[in-house]
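Chain and residue survey
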Amino acid sequence: MSRILALDYGRVRTGIAVTDELQLIASGLTTVPTKELPEFLKEYFNKEKVECIVLGEPKQMDGTASESEALMKPFLKQLEKWYPNIRIERQDERFTSKMAMQSMLDSRLKKKKRQDKALVDEISATLILQAYLDRI
């Protein structure tokens, strides 16, 4: 089988999570600067078989698209162009950053580690991926 990869896309950084090959477990992979994301994905897809990319979908509380969605649209179009054979799905990402922070608190991480925004983005990507797995 192949993996599912999730992205918590941001203007500065993008958190990345993946499943195991059986697509049962969502795990944080890394966080990369968004400007380096295309090269990272190219290298990752050359090493690993990925059948689906799950891209976080930022929404307002009422379910409408947030302002961040406008920033994401060009990236989504590029993904579709670069990887036409990989399915792209969207997953509501409301509250993932807050849930990531709570997860870090629950894990009793030290304050310095909790201030690591890259770790928050990676955990957020993992939460997006787990929500997607729970939905399918």
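Up top is the structure.
These lines cover the structure that appears in this document, whether it is placed above or below. (Residues numbered from 1 in each chain as written. Predicted model: local features only at pLDDT ≥ 70, side-chain atom pairs only at ≥ 80, totals over all residues. Heavy atoms only, no water.)

Of note, Glu69 is situated in helix α2 (residues 67-82). According to the relative accessible area criterion, Glu69 is buried, its value standing at 7%. A polar contact is formed between the side chain of Glu69 and the side chain of Arg90, at a distance of 2.8 Å. Beyond its immediate stretch of four places on either side in the chain, Glu69 contacts Glu57, Pro58 and Arg90. (Helix = DSSP H or I, 4+ residues; strand = E, 2+ residues; numbered from the N terminus. Buried < 20%, exposed > 50% of the residue type's maximum accessible area, 1.4 Å probe, protein only. Polar contact = N/O pair within 3.5 Å; in protein donor to acceptor, adjacent residues only side chain to side chain. Contact = heavy atoms within 4.5 Å.)

Strand order in the open sheet made by the five strands is β3-β2-β1-β4-β5, with mixed pairing throughout. Because the sheet does not close on itself, it has two edges, and the strands there are β3 (26-33) and β5 (87-92). Across the sheet, the mean angle separating the axes of adjacent strands is 25 degrees when strand polarity is ignored. Summarising the sheet, strand β2 (residues 13-19) and β3 pair through seven bridges and their orientation is antiparallel. Looking across to β3, one finds that Gly15 is bridged to Thr31. (Pairing = 2+ DSSP bridges. Axes fitted to C-alpha atoms, helices over the stretch in contact; angles between N-to-C directions.)

Largest kink in α2: about 35 degrees, centred on Lys73, with the proline Pro74 one to four residues after it. Of all the positions in α2, only Glu69, Met72, Phe75, Leu76 and Leu79 are classed as buried. Looking at the buried positions of α2, the neighbouring elements they touch are β1 (3-8), α1 (37-47), β4 (50-57) and β5. (Bend = angle between axes of the 7 residues up to and from the residue.)

Moving on, we come to unusual backbone geometry. Despite not being glycine, Gln23 has its phi angle at roughly 60 degrees, a positive value. Structurally, Gln23 is set in the loop between β2 and β3.

This part covers the side chain of Asp8. Relative to the helices and strands, Asp8 resides in strand β1. One buried charge, Asp8, has no salt-bridge partner; the nearest side chain with opposite charge is Arg13, at 8.0 Å. Setting aside its immediate chain neighbours within four residues, Asp8 contacts Arg13, Thr14, Gly15, Glu93, Asp121, Ser124, Ala125 and Ile128. (Lys, Arg positive; Asp, Glu negative; His and termini not counted. Salt bridge = Lys/Arg side-chain N within 4 Å of Asp/Glu carboxyl O.)

Attention now moves to a nonpolar patch on the surface. A cluster of nonpolar side chains, Met1, Leu22, Leu24 and Ile25, forms an exposed patch at the surface whose accessible area comes to about 480 Å². If you trace the backbone, Ile25 turns up in the loop between β2 and β3. Since its relative accessible area comes to 52%, Ile25 is described here as exposed. (Patch = residues over 30% accessible without salt bridge, like charges linked within 9 Å, V, L, I, M, F, W, Y side chains within 5 Å. Areas by Shrake-Rupley, 256 points an atom, 1.4 Å probe, with all protein chains shown as cover.)

With that out of the way, let us pick up the packing of aromatic side chains. Tallying each qualifying case throughout the model produces five aromatic pairs. Here Phe45 and Tyr83 contribute two aromatic rings whose centre-to-centre distance is 4.7 Å and whose plane-to-plane angle is 90 degrees, an arrangement assigned as edge-to-face. Remark: Tyr83 occurs in the loop between α2 and β5 and Phe45 occurs in helix α1; sequence separation between them is 38 residues. With relative accessibility at 15%, the residue Tyr83 sits in the buried group. With a centroid separation of 6.5 Å and 75 degrees between ring planes, the pair formed by Trp82 and Tyr83 is classed as edge-to-face. (Phe/Tyr/Trp six-rings, centres within 6.5 Å; stacked < 30°, edge-to-face > 60°.)

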